[in-house]
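# Structural description and commentary
For reference, the chains in residue letters:
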Amino acid sequence: MHILLAEDDKNITLILQLVLEKLGKHQVTLAENGQVALEKALNNSYDLILLDGMMPKMTGLEVLRTISKELPQRPPVIYLSAKTDQKDLDEIKTLGAGHIQKPFDPEKINQKIADFMEGESKQAS
Amino acid sequence: MRTLRSRFNILFILVIGSGVIFSLAAVDSYDRISEAQDSMDSSFQLRNLVGQLPRYQFDKDYFEKLKTLRNQLKDENRRQLLTHVIAAYGSRNPQLLSRRAEQYESFEQKQYKIIKETISAEKQILYRNGTLAFALPLFFILLLIGYLKMGLFNPLKRLSDRMLDFLGDKYSFKFMIPEDNEIGDLQRTFNSLAQRVLNNMDELKDLDRAKSEFLSIASHELRTPMTSIKGSLSLLKSGVLGQLDKSSLRLIRIAESESDRLIRLINDLLDLAKIESRSLALKKDWVPLDSLLEKSLEGLLGLAETAEVRLKLQTFKKSIEIKVDADRFQQIITNLVSNAIKFSPQGSEVLVHVHLNQKGDLAIDVKDQGPGIAIEDQELIFEKFRQTNGTQESQLVKGTGLGLAIAKALIFEHGGMIGVQSAPGQGSTFYIVLKEWRKAPVEPIVFTNKSETVNETTKTTPRAAA
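Residues numbered from 1 in each chain as written. Chains lettered and ligands numbered in written order. Predicted model: local features only at pLDDT ≥ 70, side-chain atom pairs only at ≥ 80, totals over all residues. Heavy atoms only, no water.

Within chain A, the secondary structure is distributed over five helices and five strands. For chain A, the sequential pattern of α-helices and β-strands runs β-α-β-α-β-α-β-α-β-α. Burial status across chain A gives 47% buried among its 125 residues. Counting only carbon and sulfur atoms, one obtains 50% of the accessible surface of chain A, whose full area is about 6500 Å². (Helix = DSSP H or I, 4+ residues; strand = E, 2+ residues; numbered from the N terminus. Buried < 20%, exposed > 50% of the residue type's maximum accessible area, 1.4 Å probe, protein only. Areas by Shrake-Rupley, 256 points an atom, 1.4 Å probe, with all protein chains shown as cover.)

When helices and strands are tallied, chain B shows 10 helices and 10 strands. The buried share of chain B, reckoned over its 466 residues, is 36%. The contacts of chain B with a sequence gap of at least 6 include a subset with a gap of at least 24, amounting to 72%. Surface summary for chain B: the accessible area is close to 28200 Å², and the carbon and sulfur share equals 56%. (Contact = heavy atoms within 4.5 Å.)

Residues and elements named next belong to chain B. Across the sheet, which stays open at both edges, the three strands sit in the order β1-β3-β8 with antiparallel pairing between neighbours. Every other strand in the sheet has two partners, leaving β1 (285–288) and β8 (437–439) as the edge strands with one partner each. Geometrically, the sheet is characterised by an average inter-axis angle of 30 degrees between neighbouring strands, direction not taken into account. (Pairing = 2+ DSSP bridges. Axes fitted to C-alpha atoms, helices over the stretch in contact; angles between N-to-C directions.)

Before going further, it helps to spend a moment on the sheet that holds strand β5 (residues 98–101) of chain A. Residue and element names in this part refer to chain A. Ordered in space as β2-β1-β3-β4-β5, the five strands form an open sheet in which the pairing is parallel. Each of the sheet's edge strands pairs with one partner strand only, and the pair in question is β2 (27–31) and β5. The mean angle between the axes of side-by-side strands here comes to 20 degrees, regardless of whether they run parallel or antiparallel. Contacts from helix α3 (residues 60–70) reach β3 (48–52) and β4 (77–81) within the one sheet, and its direction differs from that of β3 by about 145 degrees.

So, on to a negative patch on the surface. Residue and element names in this part refer to chain B. Taken together, the side chains of Asp31, Glu35, Asp38 and Asp41 define an acidic patch exposed on the protein surface. Relative to the elements of secondary structure, Glu35 occurs in helix α1 (residues 4–51). Glu35 gets classed as exposed once you look at its relative accessible area, which sits at 59%. (Patch = residues over 30% accessible without salt bridge, like charges linked within 9 Å, V, L, I, M, F, W, Y side chains within 5 Å. Salt bridge = Lys/Arg side-chain N within 4 Å of Asp/Glu carboxyl O. Lys, Arg positive; Asp, Glu negative; His and termini not counted. Charge placed at Lys NZ, Arg CZ, Asp CG, Glu CD.)

In this structure, Ser234(B) sits in helix α5 (residues 182–238). You can call Ser234(B) buried: its relative accessible area is 6%. In contact with Ser234(B), other than residues within four places in its own chain, are Glu107(A) and Glu256(B).

At their nearest, the axes of helix α1 (residues 10–23) of chain A and α5(B) sit 10 Å apart, and the two run at 35 degrees to each other. When you trace α1(A) past α5(B), the crossing you get is left-handed. Every residue of α5(B) that contacts α1(A) at Asn11(A), Ile12(A), Ile15(A), Leu18(A), Val19(A) and Leu23(A) is listed here: Thr227(B), Ser228(B), Gly231(B), Ser232(B), Leu235(B) and Ser238(B). Of the residues assigned to the contact of α1(A) with α5(B), the class counts are six nonpolar, six polar and no charged. (Left-handed = near helix turned anticlockwise from the far one by under 90°. Nonpolar A, V, L, I, M, F, W, Y, C, P; charged D, E, K, R; others polar.)

Let us look at a nonpolar patch on the surface. The grouping of Phe8(B), Phe12(B), Ile16(B), Val20(B) and Leu24(B) at the surface amounts to a nonpolar patch, some 450 Å² of accessible area in total. Checked against the element boundaries, Phe8(B) lands in helix α1.

Across the contact, 15 residues belong to chain B and 15 residues belong to chain A. Taken together, the connections running from chain B to chain A amount to zero salt bridges. Applying the counting rule to chain B against chain A returns zero residue pairs in polar contact (both at pLDDT 80 or more). Element by element, the count of residues in the side of chain B that touches chain A is highest for α5(B), at 12 residues. A breakdown of the residues in the side of chain B that touches chain A according to their chemical character gives three nonpolar, nine polar and three charged. (Polar contact = N/O pair within 3.5 Å; in protein donor to acceptor, adjacent residues only side chain to side chain.)

Another aspect to go through is the confidence of the model for chain B. Residues and elements named next belong to chain B. In the predicted model, chain B carries a mean pLDDT of 83, and the fraction of residues at 70 or more is 89%. Mean pLDDT values for the elements of chain B range from 41 in strand β9 (residues 452–454) up to 93 in strand β7 (residues 428–434). Confidence drops under pLDDT 50 across residues 447–466; counting only partners more than four residues distant or on other chains, this segment forms 41 contacts. (pLDDT = per-residue confidence, 0-100.)

Now the structure itself:
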């Protein structure tokens, strides 16, 4: 899959990129903040978007809202939430995005993504 | 400040004083009456004497007697008149004597009337003073009692009632307006105390909230770095970034297992802190016991296989439900059973046995054939970070030393009990006791006497169920 990864923490970015590319055999495009993520999402097509909750310029939630509004056929989105984002989770669910809570186990992330994508395709059909 | 004490002193002085004053007055009147009475008696005597004077005879004894009595007189008038009588008697003049005797007699008659009136008047005064000597103190005592009641006992009772109110429900407590005396001092002091208690309570609440917030932040902050650490290690280990030599791989494995241990330790520590500070919210519900036990045991099958230990579950024929927080209960069971597995020798069996104890409470025993625990250690192991001799634990997964402490705290929150029966060389039986259990409302259709084998787990249902 072609995955857009929006994450500002350099360490997590590297690890996730390696896990997704080397272990998951996906193609990964990086976005280092919310604004860049939004730009890329609106101008390119991806199979999956991974959004970190806390990002400079624009938060993951704001990006999700905007994408959902602008792209009626938006790709599946997984939101990486921190413990403090509890209140946003309802909105995230309403907007149809999945979520993975941080801190997450990098080894299991490919599996979680696979499960989520399976769920999404079942819904779509 | 007009104190209770000064008022009390005044009243007290009035009681005593009025009693004393009017008693003295009464005694004084009494003395006067006595005196008058004496005077009356002596006049009477003299009157008789003078009246019976022989007019025409001279009696020397009589004469001397008159003189003696006259010398004893204090009253000047009487003395003078008697002197006239004596002179007349001595002059042997019967007419003079008669005249003097008559003068004396009429004088005495007048005196008698006067004294009688005096006595009568004094008696009135005596009665009055005597009554007052009794009634006034009584009156002041009544005043004193009234004052004590109003000024002391009633305020004390009000104060005591307020104190009880405060003990019962601090928040509806109303402060009293202090009076202007010793009771007021007491009220003021109590008001200050009450205020301090309320402030302390607020402070404690703030502290508790701060602690909960801290726990929440700490748990997040401590776990976050582990993501990067675990991620990096697992990527290295997987070889996708290039093959590593044996030593490098070993080093990575060490780092990984220690990181996992760190994560477990962090989780346990934060768990325990949450449980102990009572910021843990247990979601208690009626859950079927069997499904909880099976889930826990299934999760440990891997561990049991590696340790070559058999897991056996012995439970009731009829379905039982318990009122617990399902996740937390599973945590307890997993804890106990994984300990049992870790301490069991290869090829032995770990038995989970559900039964009722003598009091009718539900008991779950976890029995192992391990080395056993010495009596002096049996209480210690439930404390934080205590483990029995580490060399006896199989090196599968090193414990955090907190498992039993957490299990104990959780069981207590459920209102149950936890303990161990063991002796060195005789294995150990860890047991938990729950009071809130019931027979499941609906019996499951399929629940037979067959023994089912799940991998290496044997589940038997004894026919003679308790």
